[in-house]
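Listed below, chain by chain, are the residues.
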Amino acid sequence: MIEMRVMGIALDTRSGSPIVVLNDLENRRALPIWIGSAEASSIIRKIENIPSSRPMTHDLCINLIEETGYALDRVEINDVDEQTYFSTLYLKNDEGKEIQIDARPSDAIAIAIRAEVSIFVTSNVLLNGAVSVDSQKDEEEAMEFKNFIKDIKPSDFEKMINKNFESDQ
């Protein structure tokens with residue numbers, strides 16, 4: 001699992017649909033997820049600390065969770081199927097009992113930022129949907145890897161195997 005944070009809301013220039021953008025903690029990868037207008041508004045209200053006189057839907061969810069003796073522990077965006085993302089809310093109570101609740105990622109993210117809990121994304125989801133945001137670092141790592149590969153000889157592997165074998169005994 002890779003921890004991510006909400007970087008903001010963008011608009012798809014073609015469709016006008018809102019997109020929530022998650023970044024990993026190193027700002028190397030971004031995961032754009034198309035969401036609905038209501039969820040985008042809810043996320044923006046929290047990011048910009050815009051108060052509401054009454055609890056909004058995602059605030060209500062937090063209130064319900066807490067009133068039942070649970071707390072939101074974390075959110076995981078754990079699958080993607082043809083541009084549809086899936087996520088899970090993980091709730092815990094004082095006895096350590098954990099409950100998992102299926103949720104749309106847009107709702108899960110809106111709830112997570114209100115509860116100030118971590119948002120995690122599986123490597124499978126990142127592989128299928130993330131975009132690089134640090135091309136310079138990507139190029140540096142690719143060059144380092146190419147330099148490493150060009151100087152490697154088959155005998156180097158034999159040395160590594162022997163070294164590992166000796167340390168295991």
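Reading the values: rules and limits
Each chain carries its own residue numbering, running from 1 in the direction its sequence is written. Two thresholds apply to this predicted model, a pLDDT of at least 70 for residue-level local features and 80 or more for giving and counting side-chain atom pairs, whereas whole-chain, interface and lining totals are computed over all residues. Hydrogens and water are ignored here; the side-chain numbers use all heavy atoms of the structure. The buried label goes to any residue with under 20% of its type's maximum accessible area, the exposed label to any with over 50%, and the partly exposed label to all in between, with areas taken from a 1.4 Å probe on protein chains only. A run of DSSP states H or I qualifies as a helix once it reaches four residues; a run of E qualifies as a strand once it reaches two. Both are numbered from the N-terminal end. What the arc describes is the spread of directions from the helix axis to the C-beta atoms. It only takes one pair of heavy atoms within 4.5 Å for two residues to be counted as in contact. Here a strand pair is declared whenever DSSP counts at least two bridges between the two strands. What counts as an axis is a line fitted to C-alpha atoms, over the stretch in contact for a helix, and the angles between N-to-C directions run from 0 to 180 degrees. Stacked, tilted and edge-to-face pairs are distinguished by plane angle, under 30 degrees for stacked and over 60 for edge-to-face with tilted covering the rest, among Phe, Tyr and Trp rings (Trp via its six-membered ring) whose centres lie within 6.5 Å. Only when the NZ of Lys or the CZ of Arg is both within 6 Å of the ring centre and within 35 degrees of the ring normal is a charge said to sit over the ring. Should an angle fall under 35 degrees it is taken as roughly parallel, and over 145 as roughly antiparallel, whereas 65 to 115 is taken as roughly perpendicular and any remaining angle as oblique. By definition, any crossing whose near helix is turned counterclockwise from its far helix by less than a right angle is left-handed, and any crossing with a clockwise turn is right-handed. Residue polarity is assigned by list, with Asp, Glu, Lys and Arg as charged and Ala, Val, Leu, Ile, Met, Phe, Trp, Tyr, Cys and Pro as nonpolar; anything else, Gly included, falls into the polar class. Any N or O atom pair separated by 3.5 Å or less is treated as a polar contact, with the protein-specific requirement of one donor-capable and one acceptor-capable atom, and with residues adjacent in sequence counted only for side-chain atom pairs. For our purposes a nonpolar core is just a set of buried Ala, Val, Leu, Ile, Met, Phe, Trp, Tyr and Cys residues, chained together by side-chain atoms within 4.5 Å.

A closer look at helix 1 (residues 37-47)
Thought 1: Every buried residue belonging to helix 1 is among E39, A40, S42 and I43, and all of these are buried. Seen along its axis, helix 1 keeps its buried residues to an arc of 160 degrees; they face one direction. Every exposed residue of helix 1 that faces more than 90 degrees away from the buried side is listed here: S37 and A38.
Thought 2: Packing partners of the buried residues in helix 1 comprise strand 1 (2-11), strand 2 (18-24), helix 2 (57-67) and helix 3 (105-115).
Thought 3: Downstream of helix 1 by a residue or two, N49 has a phi angle that is positive, lying close to 50 degrees.

Examining the pairing of strand 6 (residues 98-103)
Thought 1: The pairing of strand 5 (residues 84-93) with strand 6 spans six bridges and is antiparallel. Bridging from a neighbouring strand, S87 pairs with A103 of strand 6.
Thought 2: The antiparallel hairpin formed by strand 5 and strand 6 contains four residues in its connecting segment, where G96 sits at a positive phi of about 90 degrees.

Observations regarding the sheet that holds strand 8 (residues 131-132)
Neighbouring strands of a sheet are bound in pairs by backbone hydrogen bonds; such pairs are parallel or else antiparallel.
Thought 1: Judged by pairing direction, the sheet is mixed, and its eight strands sit side by side in the order 6-5-4-7-1-2-3-8 without closing on themselves. Edge strands, defined here as strands with exactly one partner in the open sheet, are strand 6 and strand 8.
Thought 2: Here two bridges tie strand 3 (residues 29-34) to strand 8, and the two strands are oriented antiparallel to one another. Bridge pairing links R29 to S132 in strand 8.
Thought 3: Its contacts with the sheet put helix 1 on strand 1 and strand 2, and the angle it makes with strand 1 is roughly 110 degrees.

Some points on unusual backbone geometry
Thought 1: Even without glycine at this site, N27 takes up a positive phi of about 55 degrees.
Thought 2: Along the chain, the position of N27 falls in the loop between strand 2 and strand 3.
Thought 3: Non-glycine residue E82 carries a positive phi angle of around 50 degrees.
Thought 4: When you line up the elements, E82 lands in the loop between strand 4 (70-81) and strand 5.
Thought 5: We classify E82 as exposed; its relative accessible area is 74%.

Some words on the packing of aromatic side chains
Thought 1: Tallied over the full model, the rule gives zero aromatic pairs.
Thought 2: Just above the ring of Y90 sits the side chain of R74; from NZ or CZ to the centre is 3.8 Å.

Examining the packing of helix 1 against helix 3
Thought 1: Viewed as axis vectors pointing N to C, helix 1 and helix 3 meet at an angle of 15 degrees, and their least axial separation amounts to 9 Å. With respect to helix 3, the element helix 1 is oriented roughly parallel. Remark: the crossing between helix 1 and helix 3 carries left-handed chirality. From helix 1, E39, S42, I43, K46 and I47 reach across to helix 3, where they touch S106, D107, I109, A110, I113 and R114.
Thought 2: The class makeup of the residues in the contact of helix 1 with helix 3 is five nonpolar, two polar and four charged.

As for the side chain of D107
Thought 1: For D107, the position within the fold is in helix 3.
Thought 2: Polar side-chain contacts of D107 include one of 2.8 Å to the side chain of H58.
Thought 3: At a separation of 2.9 Å, a polar atom in the side chain of D107 contacts the side chain of R104.
Thought 4: With near-sequence residues (within four places) excluded, D107 lies in contact with E39 and H58.

Focus on the nonpolar core
Thought 1: Ranked by internal contacts, the top residues of the largest apolar core, which has 32 residues, are L22, L31 and I77.
Thought 2: Looking at this core element by element, the count peaks at six residues for helix 3.
Thought 3: Once you skip the residues sitting within four places of it in the chain, L31 turns out to touch M4, V20, V21, L22, Y85, V121, V125, L126, G129 and A130.

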